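Understanding the architecture of this molecule
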Amino acid sequence: MHWKTRLLHTMSHAPEGFRSLTVPVQRGSTVVFERQADAHDDWRTDDRGYAYGLFGTPTVLELGARIAELEGALHSFIVPSGMAAIVVAYMACCRPGDHVLLPWSSYGPNVEFTEFMADFGIEFEHYDPTIADGIAEHIRDNTALVWTESPGSITMEIQDVPAIVEAAHARGVPVVLDNTYAAGVLFDAFGAGVDISIQALTKYVGGHSDLLMGSVSVREQAMREKVGRAWRMMGMGVSPDDASLALRGLQTMGLRLAHLEQATLKVARWMREQPEIARVLHPALPDCAGHALWKRDFSGSSSLFSVVFEPGITPAQVAAYADALELFVAGFSWGGVRSLAMTYPTRRDLSKRYGGELLRLNIGLEDPDDLIADLHSAFKTMR
Ligand SMILES: Cc1ncc(COP(=O)(O)O)c(C=O)c1O
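These lines cover the structure that appears in this document, whether it is placed above or below.

Rules of the game
Residues numbered from 1 in each chain as written. Predicted model: local features only at pLDDT ≥ 70, side-chain atom pairs only at ≥ 80, totals over all residues. Heavy atoms only, no water. Helix = DSSP H or I, 4+ residues; strand = E, 2+ residues; numbered from the N terminus. Buried < 20%, exposed > 50% of the residue type's maximum accessible area, 1.4 Å probe, protein only. Contact = heavy atoms within 4.5 Å. Pairing = 2+ DSSP bridges. Axes fitted to C-alpha atoms, helices over the stretch in contact; angles between N-to-C directions. Near = heavy atom within 4 Å. Polar contact = N/O pair within 3.5 Å; in protein donor to acceptor, adjacent residues only side chain to side chain. Areas by Shrake-Rupley, 256 points an atom, 1.4 Å probe, with all protein chains shown as cover. Nonpolar A, V, L, I, M, F, W, Y, C, P; charged D, E, K, R; others polar.

Regarding the environment of Asp367
- Structurally, Asp367 is set in the loop between strand S11 (358–362) and helix H12 (368–382).
- Spatially, the C-alpha atom of Asp367 lies 18 Å from that of Met253, the residues being 114 residues apart in sequence.

Concerning helix H5 (residues 108–118)
- Here H5 has its buried residues at Gly108, Asn110, Val111, Phe113, Thr114 and Met117.
- Tucked into the core, H5 has its buried residues touching helix H4 (82–93), strand S2 (99–103), strand S3 (123–127) and strand S4 (143–149).

Some points on the sheet that holds S4
- A sheet is described by the order of its strands in space; here seven strands give the open sequence S1-S7-S6-S5-S4-S2-S3, paired in mixed fashion. Of all strands in the sheet, those with a lone pairing partner are strand S1 (75–79) and S3, marking the two edges. Across the sheet, the axes of successive neighbouring strands diverge by a mean angle of 20 degrees, strand direction being ignored.
- Relative to S4, S2 runs parallel, the two being bridged by three bridges. Bridging from a neighbouring strand, Leu101 pairs with Val146 of S4.
- Sitting on the sheet, H4 is in contact with S1, S2, S3, S4, strand S5 (175–178), strand S6 (196–200) and strand S7 (214–218), with an inclination near 160 degrees to S6.
- Against the sheet, helix H7 (residues 221–233) touches S1, S6 and S7, its axis set at about 15 degrees to S1.

Observations concerning the site of the ligand
- Residues in close proximity to the ligand total 13 residues, the closest being Gly82, Met83, Asp178, Thr202 and Lys203.
- Met83 is positioned such that a nitrogen or oxygen atom in its backbone is 2.8 Å from an oxygen atom of the ligand.
- In this structure, Asp178 approaches the ligand through a side-chain N or O atom, which is 2.7 Å from a nitrogen atom.
- Relative to its free-state accessible area of 390 Å², the ligand is covered by the protein chains to the extent of 91%.
- A per-class count over the shell around the ligand returns five nonpolar, five polar and three charged.

What about the side chain of Thr155?
- Mapped onto the elements, Thr155 comes out in the loop between S4 and helix H6 (161–170).
- Among the polar contacts made by the side chain of Thr155, one reaches the side chain of Glu157 at a distance of 2.7 Å.
- When sequence neighbours within four positions are dropped, the list of residues in contact with Thr155 reads Trp104, Ser105, Leu281, Leu350, Tyr354 and Leu358.

Some points on the sheet that holds S11
- Strand order in the open sheet formed by four strands is S8-S9-S11-S10, with antiparallel pairing between adjacent strands. This sheet does not close on itself; its edge strands, each paired only once, are strand S8 (277–281) and strand S10 (340–343). Between one strand and the next, the sheet's axes are offset by a mean angle of 25 degrees, whatever the strand orientation.
- Inspection of the sheet shows S10 paired to S11 by four bridges, in the antiparallel sense. Residue Met342 lies in a different strand from S11, and its bridge partner there is Arg360.

Just geometry here; none of it tells us what the structure is for.
This is the structure in structure tokens:
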């Protein structure tokens, strides 16, 4: 055989007897079948065996199995981002002529996606996140999906997910939860009855601001088929290298979440005492709306909260305050090791609703006393 052929046809074999604690990174687009008769092109890899790298190599499927196990799901599909997880859930459940209910407090690009979907004949209605079983009044014969996100992005409303599920299921409508804040573990989505739980694994699972990934988890076979079809049709493959970073992130997520809960509460309580701050929006603080529901339904809190500045304080002053911070940086994607501070200048409706300018903080793994000192010195500059 010519060396050029040998270059390609010397098969490597998995080393016998090598055992390690890490999940190996297994790349591959083409999957090789033993015989023609074994070849299949089915995404149901668990049942039928590997088919194509797009449906997951062993590294990616291991991540899916671990997310499913953590969330108590029948199956978790791994997708390239949290936004991709949102898109897959809609594509699985919505068709032209359908009506969808979405809380106005949802993650911004999710709300924007609803405008995009209007071009495809899907009508979206934004509802008050605190509506609980009042959702029943908004459900129509053509309602295809009720979306929930708890707490809501930026404004941190806790939703009564079990009450929403009960009302939606009474009309045969499935419910999706964006369970990113709870990292899929601090709120039991499937225990509450939701049909699809999505997560941006980009946040707490990745945990180091160096990867983008999402998951779409389901609890029943019929929904698994629907989501699986949409997932396959949209070509939602992810890199096994990124999946291995997410698998590594899972190993320290328990420790990171435990630290972040305490550090975040410490900073939030300190912020509540500052004269410039009218309200702190953190569901684990007793004076925060939604606290009773949080206490009933959540086993912990994580690293995000927002503050509402006193009414006279202008957007420019809040931006100057955030810019004066040295340890907190401006950035959107939370859940990593670094602290973030973000104003939302394009979402002016929020300051109207809350009677003051909002600033969202994500607490990282820095010492919380250093973070408080940073917040304090920026207040001194402001004063
Ligand atoms: C609540 C929530 N869901 C979904 C997403 C989307 O995740 P990704 O950035 O991985 O697309 C985000 C991102 O900020 C988010 O905050």
